[in-house]
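Examining the three-dimensional arrangement
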Amino acid sequence: MMNWEPTRQKLNDPDLKKGLEAVTELRERIEVVHSPEYPNLLSALMPSFTQLLSKRTKPNPDASSDENKLRRSILEVFSRFPHNERMKEYAPSLLSCVMEVLTKDFEENAMIASRIVFDLHHKDYRPVMAEQVQPFLDFVLTSLRMLSTTVMNVAKSNSDPTKNGPVKSVSSFKVLTECPLTVMLLFQLYPKFIKPNIPSIIPLMIEALSLRPPAPPSQTLSSVKARELVACQVKTLSFLTYLIRGFSEQMSSYKEQ
């Protein structure tokens, strides 16, 4: 049995550099999560990990800061955790933690969080995970409502480089691109959320498909952002097609649109 106390002490140290050192060391020997030591690791370190993400650090726009590096490293470790029976008792707190990252952090960290959310729901931990379904759907709805504004803001930032900066999760084409697959999974696992959310999500997705860059990409919207927007729309269209095929009764009034 490994002694996880030195790692736990580093994670709890007020100096975030010590925590970053501990997470980096764990990431370098991440294969331990596939050993019988995994339950001991979870028991010893999960409380410290969630405290660091939820209480002791905040989203930091400076990607090179120790704070952001620590948050990102913890998320990368989380993404390697096997979602098996040993994880089951920690899954609700882990999901709550990464949902907070998804909704409040910047693009790169939110991308990792989004994939963890999908993986956690993909593993059948119901019903303990159900309370986080609507918050995820609410995040998607908020992102969709802001999408036209996001497109305009991206155009402005590309015409004026001084306005460029880190992208918040709710304004990220890349994060939103990840969402339809998770929404599809949630609707399959938790059908009770379909009826109350369809009237809001479908019109917003249809509106998203109609968005175009306000001018040629070379002038106001970088080619990278233009491709990200198109990728987001492709995933949105695929999701709408899935809804029409799988939930024809609920979707009947939207088919013409």
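Each remark here, short or long, concerns the structure printed above.
Figured I'd write up the structure that's included with this text. (Residues numbered from 1 in each chain as written. Predicted model: local features only at pLDDT ≥ 70, side-chain atom pairs only at ≥ 80, totals over all residues. Heavy atoms only, no water.)

A few words now on the overall build of the protein. Looking only at helices and strands, the protein has 12 helices and 0 strands in total. Counting the 257 residues in the protein, one finds 47% classified as buried. Counted over contacts in the protein with a minimum sequence separation of 6, partners at least 24 positions apart contribute 77%. Carbon and sulfur atoms make up 53% of the accessible area of the protein, which amounts to about 12600 Å² in all. (Helix = DSSP H or I, 4+ residues; strand = E, 2+ residues; numbered from the N terminus. Buried < 20%, exposed > 50% of the residue type's maximum accessible area, 1.4 Å probe, protein only. Contact = heavy atoms within 4.5 Å. Areas by Shrake-Rupley, 256 points an atom, 1.4 Å probe, with all protein chains shown as cover.)

Another aspect to go through is the state of the cysteines. Applying the stated criterion across every chain yields a total of 0 disulfides. Its sulfur unpaired, Cys179 is 8.3 Å from the next cysteine sulfur, which belongs to Cys232. Judged by relative accessible area, which is 0%, Cys179 ranks as buried. (Disulfide = S-S within 2.5 Å.)

The next point concerns the pattern of salt bridges. Opposite charge on two side chains allows them to pair when their charged atoms are near. Scanning all chains against the criterion turns up 12 salt bridges. Arg71 is the partner of Asp105 in a salt bridge, and the nearest nitrogen-oxygen pair spans 3.0 Å. Here Asp105, found in the loop between α5 (91–104) and α6 (107–122), pairs with Arg71, found in helix α4 (residues 66–80); they are 34 residues apart in sequence, far enough to count as distant. Here Glu100 ties to Lys104 by a salt bridge, and the two come within 3.8 Å at their closest N and O atoms. (Salt bridge = Lys/Arg side-chain N within 4 Å of Asp/Glu carboxyl O.)

So, on to the packing of aromatic side chains. One pass over the structure, following the stated rule, counts 6 aromatic pairs. With a centroid separation of 5.7 Å and an interplanar angle of 90°, the aromatic rings of Phe49 and Phe78 are classed as edge-to-face. Here Phe78 lies in helix α4 and Phe49 lies in helix α3 (residues 38–56), a separation of 29 residues in the sequence. Phe78 gets classed as buried once you look at its relative accessible area, which sits at 0%. Here the aromatic rings of Phe187 and Phe239 are separated by 6.2 Å at their centres, their planes lie at 45°, and the arrangement is tilted. On the criterion of sequence distance, the pair formed by Phe187 in helix α9 (residues 173–189) and Phe239 in helix α11 (residues 223–246) is long-range, its members being 52 residues apart. A network of ring pairs unites the aromatic residues Tyr38, Phe49, Phe78 and Phe81 as a single cluster. (Phe/Tyr/Trp six-rings, centres within 6.5 Å; stacked < 30°, edge-to-face > 60°.)

With respect to the helices, strands and loops of the structure, Leu186 is situated in helix α9. The spatial distance from the C-alpha of Leu186 to the C-alpha of Ala130 is 9.1 Å, given a sequence separation of 56 residues. Not counting the four nearest positions on each side in its chain, Leu186 is found in contact with His121, Val133, Phe136 and Leu137.

Right, let's talk about α11 for a bit. Compared with the 34 Å implied by 1.5 Å per residue over 24 residues, the 35 Å span of α11 between its first and last C-alpha is a close match. Those residues of α11 that fall on the buried side of the exposure criterion are Lys225, Ala226, Glu228, Leu229, Cys232, Gln233, Thr236, Phe239, Leu240, Tyr242 and Leu243. (Expected span 1.5 Å × (residues − 1).)

Bringing the side chain of Gln132 into the picture now. Within the secondary structure, Gln132 is located in the loop between α6 and α7 (133–145). Judged by its relative accessible area of 13%, Gln132 is buried. In contact with Gln132, other than residues within four places in its own chain, are Leu95, Ser96 and Met99.

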